Every structure is written in structure tokens, then in C-alpha cells.
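Letter by letter, the chains look like this.
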Number of protein chains: 2
Amino acid sequence: MSSHDFKQELFAQFARVGKALGNGNRLELLEFIAQGQRSVDELAKITGLTAANTSQHLQQLRQVGLVECRKQGLKVYYTLSSDDVIGLLDALRGVAERHVADVDRLITTYLTVKDELEPLPREELLARAHDGLVTVLDVRPAEEYAAGHVAGAVNIPLAELEHCLKDLDLDREIVAYCRGPHCVLAFDAVARLRKLGLKARRLEDGYPEWKTAGLPIETGEMMDKHD
Amino acid sequence: MSSHDFKQELFAQFARVGKALGNGNRLELLEFIAQGQRSVDELAKITGLTAANTSQHLQQLRQVGLVECRKQGLKVYYTLSSDDVIGLLDALRGVAERHVADVDRLITTYLTVKDELEPLPREELLARAHDGLVTVLDVRPAEEYAAGHVAGAVNIPLAELEHCLKDLDLDREIVAYCRGPHCVLAFDAVARLRKLGLKARRLEDGYPEWKTAGLPIETGEMMDKHD
DNA sequence: CAAGTATTCAATAGTTTAGTTGAATATAAT
DNA sequence: ATTATATTCAACTAAACTATTGAATACTTG
């Protein structure tokens, strides 16, 4: 095999991974899987894709090593193959956010809270949480919280936010997070909390990044994942 | 615009970047551009693509913000739009190397030197170079060296390696680098130097990574880039 | 201004991909 | 065993991508 063929072949292999990242549905699947393991039909329901289509996308992701699966009983559970993948997704998001005009436009028009206050960096949250200065709020659905969350975080899924305010210490600052740096849940939560006159900020990124950074996490109370 | 539409649209935008990375020729173009600015016809010649095809690929890369171009006289020069892109490419390579079986097989069968000796990390090279313990060898073509290289590195393009041995201090260890972590030039150089009985190692990655890490570089003696 | 070069545009054919549908397989529960 | 559920497979259509070709555009040089 010539040096030229090798190079071509190597780039072709890298391109396979790129191709796998080249579809919005697959990226959405990856974001959900990054929250914790998920079965095919859970993913199909969340994304709104058919089971067959979901399965096909998952197999593409698996073929390029982005996810792994494990059969348990009737279901097949998919997980990210490693934290490398979270880094790759963040790199992709970062480049898109900083260099694709459409992304910037989308974010600033839709995520109105975006620039009103800088999001809180991970390390800073860690310091403040340690000093007991803030309430850390996980606004993801209960199953995702159960699969793993920032140590000490309180879970109030977005839908129940207003009903559960009594569970929060209203004097302390609230820092909300969700699935990732562009997930709408935390933006939405911060906007609604501020409307209620509370001090609220957003963590700069989501649970997968927190976990990948090696920061302290807890896993849920072994809740069964029913729907 | 609903939250769901926003999410879909956002993932679709991220996917555009993924798609752009989903073709081996485009990845090869990016690697060349990462060495320094390049005109369309230079890139066409190096890659062996037609000018029209090269132009089309470059425009795709430009549309998703991976590269930028600047017209100067008769030629259009392309550059990476920022160092973010190098990080993204490295993340892609890393995931592929660690999780795609075919990539690992390719690398271990073709790059025979691969596991004989650990490649040298950047920081370690920096320390040793500072102490004057090693000769840093840039084995890329002269134009790429001229466009920028590791501070203090000697340039001997691979083709002239054996002819230019006299330029090297044969008693010191030689550390070779080239375009990136999987570029064959440095692997090849190390193999050939060792065959000649010299002490040679490979830098763990290439010039773009070195530069992006903020380590010291030099740019060439304003050579005109003719062919 | 004319000629030459570099780049881009437009049209095309062949290939690949996305998503749908219906069926096949495998496991669990009755 | 039979039934139900979860997942995958296979076949198909519509859409998108790649690379080629030839022409058009823009700039420089003589």
C-alpha cells in the first residue's frame, strides 16, 4: 500500500465519522444518549422518529464507533462509546456557534436570555456550591436526572417549575443546567425564574460536559424508568 | 418558532458542519490549509483534484465557516477560519483512532514505527529543546516550513533527508514532526533515521497543533511561493 | 485593449443517503 | 406453546452528494 493510498484511506475513515455527524437526527440522538443509556424505543419516542428509522441511525453511529449497545432482556440500550464523543460534539457545536452565521442568529433570536448575563463556568459553580451560596437546579426530565446529575443538584423538570417553587430557597441564587450548552431547557428555566423575580443564572454547559470534566456527580435512587 | 423547531433547526445547522467533514477530500484540503494559506490551484495540484472540484469543496467548507478566503491578485487564498477548526479536526481524528477498528488497523499496519517508541508530547519537546538536548526536524515541504514552523526547527523535506544528513548534529536526538498526528512524513523520517543508526523520535502531533497550543513558532524568510 | 491565468458557475450522470413500509427475529410474559 | 413487545432487516422512493465537463467571470500582464 502506497503512502498516498494510506492517506486517502485514512481520511476516508475519518470522513465516515464526519458523515455520521452530518445528520440532525443523529446529533439529537447523541445528545439524548449522552445523558445516560437509552433504549431504541425511548429514543424513537423522544425524537419522534419511527422505531426502524431510529434503529438505522443508531447502527450508523455504532459502525463508526460513536455509540455502543448492550442487549438486556427485551431492550437494547445504547451508550456513548466514551467521553471522547462528548468532546467531539462540543468541538462541533463550538465551531458552528462561532463561525456559522445562521447558528448565531438562531441562538440570539430564540434564546433571549443568552446575552443578558454570562453563563456560569463549571469551576465557578463548583466553588460557589461548595460554599453553599447557590442552589443547583437540574431541569431535565426525572429519568435523565436519575441516570446521573451534578452532585447536590435539585431536580425540577421544566414542566413543574412553577409548581415546585416552594422546594427552593428563594433567597439564594439559582443556577440551572440541562443537557448541553445549547439545550433550551435551562434557558427557559432561567427566563421563567427571573420573570418571577428570582436570581437565576445558567451553567455554561450541561450534564455530559460536567461529568466528562471529572467533576462530582451523583446517580439517582435506582428509579425504574417507566413512562 | 417553537422550542422543538428551534432544536431541530439548531441540530440541522450543526449537522451542516458534520456533513462538511464527511468527505475525505475535504478533510485532506483542511489538513493542507492548516499548514498555512493556500490558493485553489495549489490545493488542486497537491490533492490531485480538478480545479473546479477543489473549488466546489472549498466553497462547501466556506459555507459552514470552516475556512475563509481572501482574493489577492489573480489568486484566492484559503485559510482556516480559526484555531477552533484544528481542535475539531483533532477531536474527529481522536475519536476515529480510538473507536474505529479500521483506523487502528490501518495505522498499525502502515505506520510501522507507531508503537516502537512513544511519541514525544509537546511540552516535553519544549523543555528538551530549551535545554538544547534535541534537534527539532521539520520534514514538510519548504513552502509549508516557510509559512510557519516550530521555533528553532530545521527543515529537511523528506525527499532530501539522506542528502542533508550532514546538516544535522548526529549525536543529538532528533525529533521529527510534520502536518499532524497521522501524517506519514514524520513516521517515515523517523523510520529512515533509525535505519541509519540515529536516535530519532516523533513529535506526538504536527505544526497546526503546536501553533494552536500557543507554543513558540517562527515564520519563514518571506520566501515567495512559486512552483 | 487583448491574451492568459485563476477561479467559479452550470449542467450532468452515477452514487449514496434518508425515511417509509412491512416483514422477520428474539426475548419475555401468560 | 402462544402472545406481545422490542429491535432489526429488506425493499423501495425521493432527495442529496460527488465528480466531470465546458463555459463564464475576474484579474493581471504585455
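What counts and what doesn't
- Residues numbered from 1 in each chain as written.
- Chains lettered and ligands numbered in written order.
- Predicted model: local features only at pLDDT ≥ 70, side-chain atom pairs only at ≥ 80, totals over all residues.
- Heavy atoms only, no water.
- Near = heavy atom within 4 Å.
- Polar contact = N/O pair within 3.5 Å; in protein donor to acceptor, adjacent residues only side chain to side chain.
- Helix = DSSP H or I, 4+ residues; strand = E, 2+ residues; numbered from the N terminus.
- Nonpolar A, V, L, I, M, F, W, Y, C, P; charged D, E, K, R; others polar.
- Contact = heavy atoms within 4.5 Å.
- Buried area = accessible area lost by both parts, 1.4 Å probe.
- Salt bridge = Lys/Arg side-chain N within 4 Å of Asp/Glu carboxyl O.
- 1 Å grid on protein atoms, 1.4 Å probe; cavity = no way out; pocket = protein on both sides within 12 Å on 5 of 7 lines; lining within 4 Å.
- Points joined across faces, edges and corners; volume = space filled by probe spheres on them.
- Buried < 20%, exposed > 50% of the residue type's maximum accessible area, 1.4 Å probe, protein only.
- Least-squares fit on C-alpha atoms with pLDDT ≥ 70 in both.
- Pairing = 2+ DSSP bridges.
- Axes fitted to C-alpha atoms, helices over the stretch in contact; angles between N-to-C directions.
- Parallel < 35°, antiparallel > 145°, perpendicular 65-115°, else oblique.
- Domains from an automatic or database assignment.
- Phe/Tyr/Trp six-rings, centres within 6.5 Å; stacked < 30°, edge-to-face > 60°.

What about the protein's contact with DNA strand D?
Piece 1. If you check the shell around DNA strand D, you find 25 residues, and the closest are Asp41, Ser55 and Gln59 of chain A together with Asn25 and His57 of chain B.
Piece 2. Here, DNA strand D places atoms within 4 Å of the protein, and 74% of those atoms are sugar or phosphate.
Piece 3. Val40 of chain A is positioned such that a nitrogen or oxygen atom in its backbone is 3.2 Å from a phosphate oxygen of DNA strand D.
Piece 4. With respect to DNA strand D, the side chain of Asn25 of chain B contributes an N or O atom lying 2.8 Å from a phosphate oxygen.
Piece 5. For the surface near DNA strand D, the secondary structure elements donating two or more residues are helix 3 (40-47), helix 4 (51-63) and strand 3 (75-80) of chain A together with helix 2 (24-34) and helix 4 (51-63) of chain B.
Piece 6. Along the lines of polarity and charge, the residues of the surface near DNA strand D split into eight nonpolar, twelve polar and five charged.

Re the protein's contact with DNA strand C
Piece 1. Taken together, 25 residues form the shell around DNA strand C, and within it His57 and Leu74 of chain A together with Asp41, Ser55 and Gln59 of chain B come nearest.
Piece 2. Near the protein, meaning within 4 Å, the atoms of DNA strand C are sugar or phosphate in a fraction of 74%, with bases accounting for the rest.
Piece 3. Residue Asn25 of chain A places a side-chain N or O atom 2.9 Å away from a phosphate oxygen belonging to DNA strand C.
Piece 4. Those elements that provide at least two residues to the surface near DNA strand C are helix 2 (24-34) and helix 4 of chain A together with helix 3 (40-47), helix 4 and strand 3 (75-80) of chain B.
Piece 5. In the surface near DNA strand C, the residues fall into eight nonpolar, twelve polar and five charged.

A closer look at the interface of chain A and chain B
Piece 1. Taken residue by residue, the interface counts 51 residues in chain A and 51 residues in chain B.
Piece 2. Of the roughly 4,400 Å² buried where chain A meets chain B, counting both sides, 71% is carbon and sulfur surface.
Piece 3. Sorting the residues of chain A by area buried against chain B places Phe6, Phe11 and Phe14 of chain A first, and these three jointly supply 15% of that buried surface.
Piece 4. For the pair chain A and chain B, the number of links is six salt bridges.
Piece 5. The interface formed by chain A and chain B holds eight residue pairs in polar contact (both at pLDDT 80 or more) in total.
Piece 6. Elements supplying a minimum of two residues to the side of chain A that touches chain B: helix 1 (3-20), helix 2, helix 5 (84-99) and helix 6 (101-110) of chain A.
Piece 7. Looking at the side of chain A that touches chain B, the element that brings in the most residues is helix 1 of chain A, giving 15 residues.
Piece 8. Its residues assigned to classes, the side of chain A that touches chain B comprises 26 nonpolar, 14 polar and eleven charged.

Side note on empty space enclosed by the protein
Piece 1. Within this structure, the stated rule accounts for eight cavities of 30 Å³ or more.
Piece 2. Of the pockets and cavities examined, the largest cavity occupies roughly 80 Å³.
Piece 3. Along the walls of the largest cavity sit Phe6, Lys7, Leu10, Phe11 and Phe14 of chain A together with Glu31, Arg93, His182, Cys183 and Val184 of chain B, which together make up its complete lining.
Piece 4. In the lining of the largest cavity, the residues fall into six nonpolar, one polar and three charged.

Concerning the environment of Ala129 of chain A
Residues and elements named next belong to chain A.
Piece 1. Here Ala129 is to be found in helix 7 (residues 122-130).
Piece 2. Here Ala129 falls in the partly exposed class, since its relative accessible area comes to 34%.
Piece 3. In this structure, the C-alpha to C-alpha distance between Ala129 and Ala153, residues 24 residues apart in sequence, is 9.5 Å.
Piece 4. With near-sequence residues (within four places) excluded, Ala129 lies in contact with Val134 and Val136.

A closer look at the relation of the copies chain A and chain B
Piece 1. Least-squares fitting of chain A to chain B yields an RMSD of 0.0 Å, with the superposition described by an axial translation of 0.0 Å and a rotation of 180 degrees. Taken together, the rotation and translation describe the operation of a two-fold axis.

Digging into the sheet that holds strand 7 (residues 173-177) of chain B
Residue and element names in this part refer to chain B.
Piece 1. Spatial ordering of the open sheet is given by 6-4-7-8, a layout of four strands whose pairing is parallel. Taken across any chain shown, the strands that pair with only one partner, and hence form the sheet edges, are strand 6 (154-155) and strand 8 (200-202).
Piece 2. Summarising the sheet, strand 7 and strand 8 pair through three bridges and their orientation is parallel. Along strand 8, the bridge assignment pairs Ile174 with Ala200.
Piece 3. Lying over the sheet, helix 7 (residues 122-130) contacts strand 4 (134-138), strand 7 and strand 8, oriented at roughly 125 degrees with respect to strand 4.
Piece 4. Running over the sheet, helix 9 (residues 184-195) touches strand 4, strand 7 and strand 8 and is turned about 165 degrees from strand 8.

Focus on the packing of helix 1 of chain A against helix 5 (residues 84-99) of chain B
Piece 1. Where helix 1 of chain A meets helix 5 of chain B, the axes come as close as 9 Å, and the angle between the chain directions of the two elements is 105 degrees. It follows that helix 1 of chain A is roughly perpendicular to helix 5 of chain B by the angle criterion. Two secondary-structure elements touch here, helix 1 of chain A through Phe14, Val17 and Gly18 of chain A and helix 5 of chain B through Leu92, Arg93 and Ala96 of chain B.

Comments concerning the domain arrangement of chain A
Where interface size is given, it is often the accessible area lost as the parts come together that is meant.
All names here are of chain A.
Piece 1. Here chain A is partitioned into domain 1 (3-81) and domain 2 (112-218).
Piece 2. Taking the mean C-alpha position of each, domain 1 and domain 2 sit 28 Å from one another.
Piece 3. Between domain 1 and domain 2, a total of about 590 Å² is buried, with carbon and sulfur atoms accounting for 49% of that surface.
Piece 4. Per-residue buried area on domain 1 facing domain 2 is highest for Glu31, Gln35 and Arg38; these three make up 71% of the total on that side.
Piece 5. Summed over the shared surface of domain 1 and domain 2, the number is one salt bridge.
Piece 6. With its nearest N and O atoms 3.7 Å apart, the salt bridge here joins Glu144 to Arg38.
Piece 7. At the junction of domain 1 with domain 2, the criterion picks out two residue pairs in polar contact (both at pLDDT 80 or more).
Piece 8. Considering every element that reaches the side of domain 1 that touches domain 2, the biggest residue donor is helix 2, with three residues.
Piece 9. Looking at the side of domain 1 that touches domain 2 residue by residue, the classes come out as two nonpolar, two polar and two charged.

Considerations on the packing of aromatic side chains
Piece 1. According to the stated counting rule, one finds four aromatic pairs over all chains in the structure shown.
Piece 2. Centroid distance Phe11 of chain A to Phe14 of chain A: 6.4 Å. Interplanar angle 85 degrees. Geometry classified as edge-to-face. With Phe11 of chain A and Phe14 of chain A both in helix 1, this residue pair falls three residues apart, about one helical turn.
Piece 3. With centroids separated by 4.4 Å and ring planes inclined at 15 degrees, the aromatic side chains of Tyr110 of chain A and Phe6 of chain B adopt a geometry described as stacked. With Tyr110 of chain A in helix 6 and Phe6 of chain B in helix 1 (residues 3-20), the pair connects residues from two separate chains.

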